[in-house]
Amino acid sequence: MPSGHSFQHLPLLRRESGPAQLGRPPHESKITRENKSDRASHSGGLIGSASSVSNTRKSIEADRVANSLPDLQAGLALLLQIDTSLDVDKLRRFFDFEIVAEEEEGYVIVASEDIDLVKFNEAVAGFAGSVRGTGIVASIHRLDDDPDQNHRLQLLLSETLFELWPNMDEAEVYQVDIGVTCLGTKQIPDQPQKKKRESDADFARRQNEWSDIRIEVYDSWYDLQDERTQEVSRIIIDGYGGSINSIQHNEPVISLPDSFTMRIQVHGKGLKDFVLNYPYLFEVVEPDHISLTRNRAEQGPEVETAQLTAPPDDAPAVCVIDSGIQEEHALLEPSIDKATSFCFLPPPESSTDVADHVMPAGHGTRVAGAVLYGEQVKRDGHYQLPFWIQNARILDSEASLPYSLMPAAVMRTVIERYHLGPRQTRIFNHSINADCHCRLRHMSAWAAEIDMLCHQFDIMIVQTAGNLRERSQAPSAGILDHLDAERLYPHYLIERSSRIANPGQSLQALTVGSVAYQMYESSGWRSFATQPGHPSSFSRSGFGIWNVIKPEVVEFGGDDLQSPGSPTILGNPLEGRMCYPELVRSTMHSPGPAYDRDEVGTSFAAPKVAHIAAHLQRILPEEPCLLYKALIVQSARWPEWTNTDEVDTNQVIRTLGYGIPDLERATTNTDYRTTLITSGEISIKAGDCDLYQVPIPESMRQPGYEYDILVEVTLSYVAEPRRTRRNLRRYLSTWVDWKSSKLGESLSSFRSRALKEEEAEEDTAAGDTLRWKLATRTDHGDIEGAKRNSGTLQKDWALIKSFRLPEDFCIAVMGHQGWSKDPDSEAKYSLAVSFEVIDREISIYDDLRIAVEDLQAELEAEIEI
């Protein structure tokens, strides 16, 4: 890392803010228009379905009473298919339906306390008679009477449970995680607007009344969550004789504002009755199996180590959430923050047993070493360690998380303990995943909890994409399973079963995959990779949920070697050691070197990214973690082998994300590369726009010069999640995206396109759009099938000739309404913009710095005036 940090990041200047020009809302569908034209037929169909559902429910309730089944004290679950342009919250307002879950293709699961559906039937009858205010009925395309609830079960149950359902043993005890919604039928009303000729006193009174109602709605949600938590506990324990796992400190649930998740054990008969008849369920899944051990290592000879000293007292701390650490290890001991070490495993484990018991050479110990040293362990001389390592042990000696612990609850307990502790830890390495690919129906409780923690706290969680095993049972598949089915490397990496593992789909976790060091073929072994930077044979790939680009970045985690014989054997033999990452080894269980190249995995790629994040915190200690994420992704590049026309770029972005990050590019600038960044925590509300201006000096855009300039933009944001929504733009309370000015477009022209209150200029459409690699639609960029604004970490890049650069390059960051109707709801974001002269023909840093300083002085003068 360069000493002195002479090329600091430049400030990215916000020119102005105002209402955003967001475009038109979606049009109602053809089916909705047809329903309005044939009201009698549409109404008759809905009333018939409603009557069928009500009668079926009454019959079921009578049978349940006769069979002495527990009183669920609930209502009726309905499956609706609606116009996708309809705001689902209108179902609550018009029909008193509680929104249980929003699904794909317009399907919505709702619950009604009124089994007779009186209010719904009245509205449908009114629609048939063209009664004013009943037009919403046209947007309800279908009420699925679903007599056996097969469709609802498909939406609720995991694939495994749905397949098991018809043959479920009523006497056998099952352990499942259930998701229960708890938003009720109350919602925050629209904020009042001042009327013409209304006095200030009257308007203030209406504002206060609205504020009181808003508080009441929030309170009602929390009260309902407590009520349903107790209700489910009563049903499972008293009604069915089941049990509920206690997570930590006797807390049986993990909660988000709209829902809670609970791990229950109950016999098959009770589980079936509960799932079929409790209307507030939106998810029922089997617990993930979480175990990390690969154990194919062969150790090498003893090695030399450096003389180490402890980090400075104020150095950043990185919490390693893993299997524990060999804290007395010579390469780690000076950096361990021993006062904070804690074991979160349940009894009989002790809270003070924080050692790494994973054989033969540890797991958390290796991860801690990679966080501390990055790519290479220090070999000789004197070296002051750069930051502190904190040890949060959550895995047992088999590198597994016990089923008695819900991973979402453990995450919250760990994060709160360390972030709210003396060092106020902000960076966490989490090299832990489920064994199987993540589900795409709803964000998992584990991943949603990570999203919620990042919304609540200024933290960064570096997460592994997960590893493919040698063999796996369906619906998963291991490397050898793919090879047996003639699915060859690297194509098997984009199979559904190779998708990133839970919780790698989390929008806020920085998910890291693995790449190989080199090609190897000798001594009867050969690597899967044929070039440096090829995806590792075991590294799980994207896309994630809602086609979000995952993993975002990759690091060198090594590659498996395969024997050429039959059957194929996978291993990490000593002769191929240059194909594996250099890692600190635990020496607790067997003699061996202090560090070696003897094991591979995404577990050891992720901490190298945490290493970069910690250096960013060291040089930018007052900046938010959102900026660290943005700068890491901004620094990432695809490897050399991708620079050919024959490469499938869709497969590249699914396996490598934005590429391999670089410590130098993330932390500093050069004469030929300049990065501009926002500073501090920046918030944006739905409907607002922040406009940023980068003045391009004349030296960069002189006519006649054709230097290749790489332009990179990365937006990183966070907002409050809601698990019951199956759509990115409804999962978050506020979602954010960005757009840039065109080539040759003036500042005033771009302002009129970005800000709602600006008058459009005649040359608004003038100028060519930059040829972004991704763009905002899957068919607009160079990489087909992917787009930049599908997630909360949005990078794009374009290569343009220097003479085509505009006088001002502008970015508009825009907030959009998600699930929240609260006018105070907002997202927080950071933004980074970089310019790089590819062949280094001209220096740009100083000229850009002067141009930015001049613009800053101009803006400050405008503010003073």
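The structure displayed is predicted, hence computed values, not measured ones.

A.B. asks: How should the environment of Ala-361 be read in this particular structure?
C.D. replies: Inspection of the secondary structure puts Ala-361 in the loop between strand E14 (342–343) and helix H9 (364–373). Taking the C-alpha atoms as reference, Ala-361 lies 52 Å from Phe-809; in sequence the two are 448 residues apart. Not counting the four nearest positions on each side in its chain, Ala-361 is found in contact with Arg-366, Arg-585 and Ser-586.

A.B. asks: Explanation requested: a negative patch on the surface in the structure shown.
C.D. replies: Side chains of Glu-113, Asp-212, Glu-216, Asp-219, Asp-223, Asp-226 and Glu-227 sit close together on the surface and give a patch of like negative charge. Here Glu-216 lies in helix H7 (residues 200–239).

A.B. asks: Teacher, can you tell me more about empty space enclosed by the protein here?
C.D. replies: Over the atoms, a rolling probe the size of a water molecule traces out where space has been left empty. Throughout the structure, instances matching the rule amount to eight cavities of 30 Å³ or more. Of the pockets and cavities examined, the largest cavity occupies roughly 100 Å³. Taken together, Asp-89, Arg-92, Leu-183, Gln-187, Ile-188, Trp-221, Arg-722, Trp-819, Ser-820, Lys-821 and Asp-822 make up the lining of the largest cavity.

A.B. asks: I'm lost on the sheet that holds strand E17 (residues 427–430) in this one. Help?
C.D. replies: The parallel open sheet is built from seven strands, whose spatial order is E14-E16-E13-E17-E18-E19-E22. Strands at the two margins of the open sheet, each flanked by one partner only, are E14 and strand E22 (553–556). As paired elements, strand E13 (residues 317–322) and E17 share four bridges and run parallel to each other. By the bridge assignment for E17, Ile-321 is matched with His-430. Here H9 sits on the sheet in contact with E13, strand E16 (388–393) and E17, set at roughly 155° to E13. The strands touched by helix H13 (residues 606–619) are E13, E17, strand E18 (460–464), strand E19 (510–515) and E22; relative to E17, the strand with the most contacts, the crossing angle is about 175°.

A.B. asks: Whenever I open this one, the layout of surface pockets confuses me. Can you help?
C.D. replies: Here the largest pocket is characterised by a volume of approximately 1600 Å³. Lining of the largest pocket is provided by 49 residues; of these, Arg-24, Pro-26, Arg-729, Trp-735 and His-816 occupy positions nearest its centre. Looking at the lining of the largest pocket, the elements that each hand over two or more residues are helix H3 (89–95), strand E5 (107–112), helix H17 (728–731), strand E31 (734–740) and strand E33 (808–817). Top element by residues in the lining of the largest pocket is E31. It accounts for five residues. Residue composition of the lining of the largest pocket, grouped by class: 16 nonpolar, 17 polar and 16 charged. If you add up the space inside the second largest pocket, you get close to 1100 Å³.

A.B. asks: What should I look at first to understand the pattern of salt bridges in this one?
C.D. replies: Side chains that differ in charge, positive against negative, can pair when their charged atoms come close. Tallied over the entire structure, the rule returns 58 salt bridges. A salt bridge links Arg-206 to Glu-198; the nearest nitrogen and oxygen atoms lie 2.8 Å apart. We note a salt bridge from Arg-849 to Glu-853, for which the minimum N-O separation is 3.3 Å. Here Arg-849 pairs with Glu-853, and both are found in helix H19 (residues 845–864), just four residues apart, close to one helical turn. The class for Glu-853 is partly exposed, based on a relative accessible area of 40%. A single salt-bridge network, built from bridges that share partners, covers Asp-87, Asp-89, Arg-92, Glu-102, Arg-725, Arg-730 and Lys-821.

A.B. asks: Looking at this model, I keep getting lost on the sheet that holds strand E4 (residues 98–102). Mind explaining?
C.D. replies: Sheets are built from strands that pair by backbone hydrogen bonding, the pairs being arranged parallel or antiparallel. One open sheet accounts for four strands, arranged E4-E5-E3-E6; its pairing is antiparallel. Each edge of the open sheet carries a strand with a single partner, namely E4 and strand E6 (140–144). Neighbour-to-neighbour, the strand axes of this sheet turn through a mean angle of 30°, independent of strand direction. Pairing of strand E3 (residues 76–82) with E6 involves four bridges; the strand directions are antiparallel. Considered in E6, the bridge of Leu-80 is made with Leu-143. Sitting on the sheet, helix H2 (residues 39–66) is in contact with E3 and E6, with an inclination near 25° to E6.

A.B. asks: For this particular structure, what's the right way to read the packing of aromatic side chains?
C.D. replies: Each aromatic ring pair is summarised here by two numbers: the centre-to-centre distance and the angle between the ring planes. Tallied over the entire structure, the rule returns 19 aromatic pairs. An aromatic cluster is defined as three or more aromatic residues linked by ring pairs; in this entry it consists of Phe-94, Phe-95, Phe-97 and Phe-120. The side chain of Arg-228 reaches across the aromatic face of Tyr-280, ending 3.5 Å from its centre. Just above the ring of Tyr-517 sits the side chain of Arg-597; from NZ or CZ to the centre is 5.7 Å.

A.B. asks: Can you walk me through unusual backbone geometry in this structure?
C.D. replies: Cis peptide bonds are those with omega within 30 degrees of zero, and the linkage from Asn-502 to Pro-503 qualifies with 5°. Note on placement: Pro-503 falls in the loop between helix H12 (479–484) and E19. The residue after Lys-550, namely Pro-551, is reached through a cis peptide bond having omega -10°. Assignment of secondary structure puts Pro-551 in the loop between strand E21 (525–527) and E22. Look at Glu-105: it is not a glycine, yet its phi comes out positive at around 60°. Turning to its location among the elements, Glu-105 is positioned in the loop between E4 and E5. Residue Glu-105 is classed as exposed on the basis of its relative accessible area of 64%. Non-glycine residue Arg-840 carries a positive phi angle of around 60°. Mapped onto the fold, Arg-840 is located in the loop between strand E34 (826–837) and H19. You can call Arg-840 exposed: its relative accessible area is 53%.

A.B. asks: Mind showing me how you'd approach the packing of helix H10 (residues 407–419) against helix H11 (residues 445–456) here?
C.D. replies: Two quantities define a packed helix pair, namely the angle between the helix axes and the distance between the axes. Interaxial distance between H10 and H11 falls to 8 Å at its minimum, and their mutual angle equals 25°. Looking at the two axes, H10 sits roughly parallel to H11. Here H10 and H11 pass one another in a crossing that is right-handed. Along the contact surface, H10 presents Pro-407, Ala-408, Met-411, Arg-412 and Ile-415, while H11 presents Ala-445, Trp-446, Glu-449, Ile-450, Met-452, Leu-453 and Gln-456. For the contact of H10 with H11, a count of residues per class yields nine nonpolar, one polar and two charged.

A.B. asks: Sorry if this is basic, but what is going on with the environment of Glu-102 here?
C.D. replies: Tracing the backbone through its elements, the reader meets Glu-102 in strand E4. Expressed as a C-alpha distance, the spacing of Glu-102 and Gly-324, which sit 222 residues apart in the sequence, is 40 Å. In contact with Glu-102, not counting residues within four places along its chain, are Val-88, Tyr-107, His-442, Thr-724, Arg-725, Arg-726 and Arg-730. Engagement of the side chain of Glu-102 in a polar contact is seen with the side chain of Arg-730, the distance being 3.3 Å.

A.B. asks: Help me out: how do you make sense of the side chain of Arg-412 in this one?
C.D. replies: Its place among the elements puts Arg-412 in helix H10. A polar side-chain atom of Arg-412 sits 2.3 Å from a polar atom in the side chain of Glu-449.

About the criteria used
- Residues numbered from 1 in each chain as written.
- Predicted model: local features only at pLDDT ≥ 70, side-chain atom pairs only at ≥ 80, totals over all residues.
- Heavy atoms only, no water.
- Helix = DSSP H or I, 4+ residues; strand = E, 2+ residues; numbered from the N terminus.
- Contact = heavy atoms within 4.5 Å.
- Patch = residues over 30% accessible without salt bridge, like charges linked within 9 Å, V, L, I, M, F, W, Y side chains within 5 Å.
- Areas by Shrake-Rupley, 256 points an atom, 1.4 Å probe, with all protein chains shown as cover.
- Salt bridge = Lys/Arg side-chain N within 4 Å of Asp/Glu carboxyl O.
- Lys, Arg positive; Asp, Glu negative; His and termini not counted.
- Charge placed at Lys NZ, Arg CZ, Asp CG, Glu CD.
- 1 Å grid on protein atoms, 1.4 Å probe; cavity = no way out; pocket = protein on both sides within 12 Å on 5 of 7 lines; lining within 4 Å.
- Points joined across faces, edges and corners; volume = space filled by probe spheres on them.
- Pairing = 2+ DSSP bridges.
- Axes fitted to C-alpha atoms, helices over the stretch in contact; angles between N-to-C directions.
- Nonpolar A, V, L, I, M, F, W, Y, C, P; charged D, E, K, R; others polar.
- Buried < 20%, exposed > 50% of the residue type's maximum accessible area, 1.4 Å probe, protein only.
- Phe/Tyr/Trp six-rings, centres within 6.5 Å; stacked < 30°, edge-to-face > 60°.
- Lys NZ or Arg CZ within 6 Å of the ring centre and 35° of its normal.
- Parallel < 35°, antiparallel > 145°, perpendicular 65-115°, else oblique.
- Left-handed = near helix turned anticlockwise from the far one by under 90°.
- Polar contact = N/O pair within 3.5 Å; in protein donor to acceptor, adjacent residues only side chain to side chain.

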